Amino acid sequence: MNKPETALLALRMRAWISTAGAHIRHHIHDPLQVKTKSSRVDLVTNLDKQTEKSLISAIRSEYPQAQIMGEEGSGDHVTDLSGLVFFVDPIDGTMNFVKQKSNFAVMIGAYENGHPLVGVILNVMRQELYWGGPQLGVFRNETPIDHVSPLALPDGLIGMNAGMFAYDRYHTHQLFKSCSGVRMIGSAGIEYIQLLEGRQIAYMSHLAPWDVAAGRVMAETLGMQLSRLDGHPLDMVTSGDVLIATASTDAAIRTIALAATPS
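Below or above, wherever it landed, is the structure these notes cover. (Residues numbered from 1 in each chain as written. Predicted model: local features only at pLDDT ≥ 70, side-chain atom pairs only at ≥ 80, totals over all residues. Heavy atoms only, no water.)

### Side note on the packing of helix α6 (residues 188–196) against helix α7 (residues 209–221)
Right, so step 1: Where α6 contacts α7, the two axes come as close as 9 Å, and the packing angle between them is 10°. Our classification of the angle between α6 and α7 gives roughly parallel. Of the residues in α7, those in contact with A188, Y192 and L196 of α6 are D211, V212, G215, R216, M218 and A219.
Right, so step 2: Classifying every residue of the contact of α6 with α7 gives six nonpolar, one polar and two charged. (Axes fitted to C-alpha atoms, helices over the stretch in contact; angles between N-to-C directions. Helix = DSSP H or I, 4+ residues; strand = E, 2+ residues; numbered from the N terminus. Parallel < 35°, antiparallel > 145°, perpendicular 65-115°, else oblique. Contact = heavy atoms within 4.5 Å. Nonpolar A, V, L, I, M, F, W, Y, C, P; charged D, E, K, R; others polar.)

### Some remarks on the pattern of salt bridges
Right, so step 1: Applying the stated criterion across every chain yields a total of eleven salt bridges.
Right, so step 2: The shortest N-O distance in the salt bridge between E62 and R12 comes to 3.2 Å. Here E62, found in helix α2 (residues 46–62), pairs with R12, found in helix α1 (residues 3–27); they are 50 residues apart in sequence, far enough to count as distant.
Right, so step 3: In the salt-bridge network here, residues are joined through shared partners; they are K37, E71 and E72. (Salt bridge = Lys/Arg side-chain N within 4 Å of Asp/Glu carboxyl O.)

### Some thoughts on the layout of surface pockets
Right, so step 1: There is about 810 Å³ of room inside the largest pocket.
Right, so step 2: Surrounding the largest pocket, 30 residues form its lining, V41, D42, N161, G186 and S187 being those nearest its centre. (1 Å grid on protein atoms, 1.4 Å probe; cavity = no way out; pocket = protein on both sides within 12 Å on 5 of 7 lines; lining within 4 Å. Points joined across faces, edges and corners; volume = space filled by probe spheres on them.)

### Description of the packing of aromatic side chains
Aromatic rings considered in pairs are described by the distance between their centres and by the relative angle of their planes.
Right, so step 1: Throughout the structure, instances matching the rule amount to seven aromatic pairs.
Right, so step 2: Judged by centre distance (5.4 Å) and plane angle (75°), the rings of F87 and Y111 are edge-to-face. One end of the pair, F87, is in strand β4 (residues 84–92); the other, Y111, is in strand β5 (residues 105–112), with 24 residues separating them in the sequence.
Right, so step 3: F87 sits in the buried class, given a relative accessible area of 1%.
Right, so step 4: Residue classification places Y111 among the buried residues on the basis of a relative accessible area of 0%.
Right, so step 5: Measuring from ring centre to ring centre gives 5.9 Å for F165 and F176, while their planes differ by 75°; the resulting arrangement is edge-to-face. You can see F165 sitting in helix α4 (residues 162–166) and its partner F176 sitting in helix α5 (residues 172–178), a full eleven residues away along the chain.
Right, so step 6: With a relative accessible area of 39%, F176 lands in the partly exposed category.
Right, so step 7: Put simply, the rings of W16, Y63 and F86 touch in pairs and so form one group of aromatic residues.
Right, so step 8: Geometry around W131 places R14 over its ring, the cationic atom sitting 4.1 Å from the centre. (Phe/Tyr/Trp six-rings, centres within 6.5 Å; stacked < 30°, edge-to-face > 60°. Buried < 20%, exposed > 50% of the residue type's maximum accessible area, 1.4 Å probe, protein only. Lys NZ or Arg CZ within 6 Å of the ring centre and 35° of its normal.)

### What about empty space enclosed by the protein?
Right, so step 1: Summed over the entire model, instances satisfying the criterion amount to one cavity of 30 Å³ or more.
Right, so step 2: Taken as a whole, the largest cavity encloses approximately 40 Å³ of empty space.
Right, so step 3: Every residue lining the largest cavity is listed: L207, A208, P209, V212, R228, L234, D235, T238, S239, G240 and V242.
Right, so step 4: For the lining of the largest cavity, the secondary structure elements donating two or more residues are α7 and β14 (240–245).
Right, so step 5: Counted by class, the lining of the largest cavity contains six nonpolar, three polar and two charged residues.

Structure below.
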């Protein structure tokens, strides 16, 4: 897409996600139908499913030839990134949504032939919209964001998956000792916002493509590094352990995370 086409796409994505957020806020105190997926802490609600179907319908109305990968299975079975591909996470942080009514996001990422194009993340309850891409720059609502945290590892906070920390995967206990502290929010979208706002220097977690897609577009636009911690190349059709870090801290974090464990 050229820049005008990309700008129009971003405008549409912002409208879709804002409408979805307003719908969620309107129904947030309604009785929920809550089910588990892979485990008792992996939840899905009727509002997740409704929101995904609504977003996919909106996408298809404007881009009928696009592929769509949705967390709750309403989209396509995407195996390659040819053409225009959308990644939809209708409620990112469903446990937070159910238990806290806060700290959750709606996310859409758009890619063209595998290249990041536009990412949009809405902090639903704060009504803060983060959006942008390599052709557009990155914005919070209408305010440009043009830099990330300059802090070195000892002075910055790292967002982290609770399971990774609990079981000391990738030497997360040593990372805790090497930085200013770790934070565990429970929503990849909200973690990305911490990075975009310069409040954290890194985020590491096991992430699915819909967890990665929107934030990756904006993080890379601002010069951050994204990589798979398991040694495999970063791809957008499979899940994996992912590190997102500022350029000034990526190498230091990876040195610790991937150090050999003493026998």
